[in-house]
Amino acid sequence: MNDQIHPRAPEAATHAVPGPPPARGPMAGYLDHARVGPLSRRAAEALAAATDLATRADPADLDRLFALSDAARTSAARLLDAHPHEIALSPSTSNGLFTVAAGLQGPGTVLVPRGEFPANVYPWLRFAGRGGPDVRLVDPDGQRHITPDLLRRNLTPDVTALTVSAVDSLTGHVAPLAALKEILGPDRLLIVDAIQGLGAVPLEADAADVLVSGGQKWLRAGWGAALLLIRDRCAERVAPGLGGWAGVAEPFAARHPAPPLPGAAAHLATNPDFPAAAAIGAAVDELLAEGGPAATGARIRATLAELLDRARQAGAEILLDGLGHRERAGIGTFRLPGHDPVTVHRTLEAAGVITTRRDEWIRLSPHVSTPAVAVDLFADALHALTGRTRTVTDTTPRTDTTPGTHTTPRPHTLTQEPTCPTS
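Position labels on residues start from 1 in each chain and follow its written sequence. Thresholds applied to this predicted model are a pLDDT of at least 70 for local features of residues and 80 or more for the giving and counting of side-chain atom pairs; totals over whole chains, interfaces and linings are not thresholded and use all residues. Side-chain numbers come from the whole structure's heavy atoms, not from hydrogens or water.

## Thoughts on the confidence of the model for the chain
For step 1, the next point in the chain: Residue-level confidence of the predictor is what pLDDT reports, using numbers from 0 through 100. When pLDDT is averaged along the chain, the result is 89; 86% of the residues meet or exceed 70.
For step 2, the next point in the chain: By definition in these notes, contact holds between two residues if any of their heavy atoms fall within 4.5 Å. Across residues 2–22 the pLDDT falls below 50, and counting only partners more than four positions away or on other chains, this stretch makes 24 contacts in the model.
For step 3, the next point in the chain: This model gives residues 392–420 a pLDDT under 50, and the stretch forms 88 contacts once residues within four places in sequence are excluded.

And the structure:
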């Protein structure tokens, strides 16, 4: 994907110019990829190379820079089993969801699970009453955020779409997208916020009519670019509500609005962030080169299973502990009965184990870059809290694809998700 990036050799200098220190990478106990995934080495290199291209005025360099968005869309199409023209680059997951909400016209009703992350709630609320469909919040069926039976019970004739997270950000529950789409049928849209699943585990992405995912979590690509997939089968039902000059065939036409571009590009308000496009494209390429979501998901799930096992040994209660193997993504959440959750969270961070706290729950989210020692750091911290003897585990390091992973705790700040805009 990043063959377009060809940095020039640096010009000779009489004096060495001090550069930034080498990238240190996340701490060994970093278990918070569901909040922020530190950039992978390949994504960081692609971002730096594209930024270097952006410093130049040479037309050839700018052409290579501008080509990065097309290359990223081509890579994403391979990942999502789509055509490149069905994918556009949006600035963020939230922006992509607002783009879709702006394109849906009433009458009708969009079903939204009540426990959805707010990024997948506000777009539909904001456009309801402004020409968009009504919104109906659906109470969960137990602790799973969406189930086929729950959808069936709420599928009234006025429903035109269901919007749902591919993976619940608190429980880690994987939505059964194929089953949901089968119930919805061809005439109702399945809209998917995939940010907590894409890059972590296999998703039934082919079932999604519309899919949006930023790159700053499991793809480890940083901010500035998100994948917006609008499949051909539903393109006529999603108007270019936020499409601007970059989304039309003739932006300088004598009369406006000009005809929209074909495919998802019709929804572009302006040009994408090209360095961010390079990073997310490199991240997708890296994911595919490492065996794709199936291989990555197996490693992430194995590490998470070890962490949850250590939590159980410490007497923890696991949220949705009965989930099947394919029902849980890279997120596991626990609490320690009888222990103040703030104290638990602080103790973990003091031990170099970085997690997110939501009220009484502590969320764990490892990645393929998480070394085996993270499990021991976690178990030792829980032992310090509970006094229970931990089980010694294999400390063979796992493959590390992030720059310079650490084993020594360093200064940090506490993370409480409700006050964190990136959670």
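## Examining the pattern of salt bridges
Between side chains of opposite charge, a pair can form as their charged atoms come close.
For step 1, the next point in the chain: Salt bridge, as used here, is a side-chain nitrogen of Lys or Arg placed within 4 Å of a carboxyl oxygen of Asp or Glu. For the structure on display, the rule yields 14 salt bridges.
For step 2, the next point in the chain: Notably, a salt bridge pairs Arg114 with Asp139, separated by 2.4 Å at the nearest N-O pair. Pair noted here: Arg114 is in the loop between β2 (109–113) and α4 (122–127) and Asp139 is in the loop between β3 (134–138) and α5 (148–154), with a separation of 25 residues, a long-range link.
For step 3, the next point in the chain: Here Arg114 falls in the partly exposed class, since its relative accessible area comes to 45%.
For step 4, the next point in the chain: One salt bridge connects Lys181 with Asp209, and the closest N-O pair in it is separated by 2.7 Å. Strands are runs of DSSP state E lasting at least two residues, helices are runs of H or I lasting at least four, and both sets are numbered from the N terminus onward. Buried means the residue's accessible area, taken with a 1.4 Å probe over protein chains only, is under 20% of the maximum for its type, while exposed means over 50%, and partly exposed covers the values in between.

## Things to note about the side chain of Thr147
For step 1, the next point in the chain: Within the secondary structure, Thr147 sits in the loop between β3 and α5.
For step 2, the next point in the chain: In this structure Thr147 comes out as buried when scored by relative accessible area, which is 12%.
For step 3, the next point in the chain: In contact with Thr147, other than residues within four places in its own chain, are Asp141 and Leu180.

## What about the sheet that holds strand β11 (residues 361–364)?
For step 1, the next point in the chain: The pairing criterion for strands is at least two bridges between them, as found by DSSP. Taking strand neighbours across the sheet as the criterion, the 4 strands line up as β8-β9-β11-β10 in an open arrangement whose pairing is antiparallel. Both edges of this open sheet fall to β8 (317–318) and β10 (356–358), since each of them pairs with a single strand only.
For step 2, the next point in the chain: Two elements, β8 and strand β9 (residues 332–335), share 2 bridges in a ladder whose sense is antiparallel. Looking at the pairing, Glu317 lines up with Arg335 of β9.

## Things to note about the pairing of β2
For step 1, the next point in the chain: Here β2 lies mainly inside the structure; 5 of its 5 residues are buried.
For step 2, the next point in the chain: Inspection of the sheet shows β2 paired to β3 by 5 bridges, in the parallel sense. Directly across from Leu111, in β3, lies its bridge partner Arg136.
For step 3, the next point in the chain: The crossover handedness rule: strands pointing away from the viewer, path from first strand over the helix to second strand clockwise, crossover right-handed. With α4 bridging β2 and the parallel β3, this β-α-β connection has right-handed handedness.
For step 4, the next point in the chain: The pairing of β2 with strand β4 (residues 159–165) spans 3 bridges and is classified as parallel. Across the sheet, Leu111 pairs through a bridge with Leu162, a residue of β4.

## Some remarks on the pairing of β4
For step 1, the next point in the chain: Counting buried positions over the 7 residues of β4 gives 6, a clear majority of the element.
For step 2, the next point in the chain: In this structure, β4 lies alongside strand β5 (residues 189–193), joined through 5 bridges in parallel fashion. Across the sheet, residue Thr163 finds its bridge partner in β5, namely Ile191.
For step 3, the next point in the chain: Once the chain exits β4 it traverses helix α6 (residues 177–184) before rejoining the sheet at β5, and the crossover so formed is right-handed.

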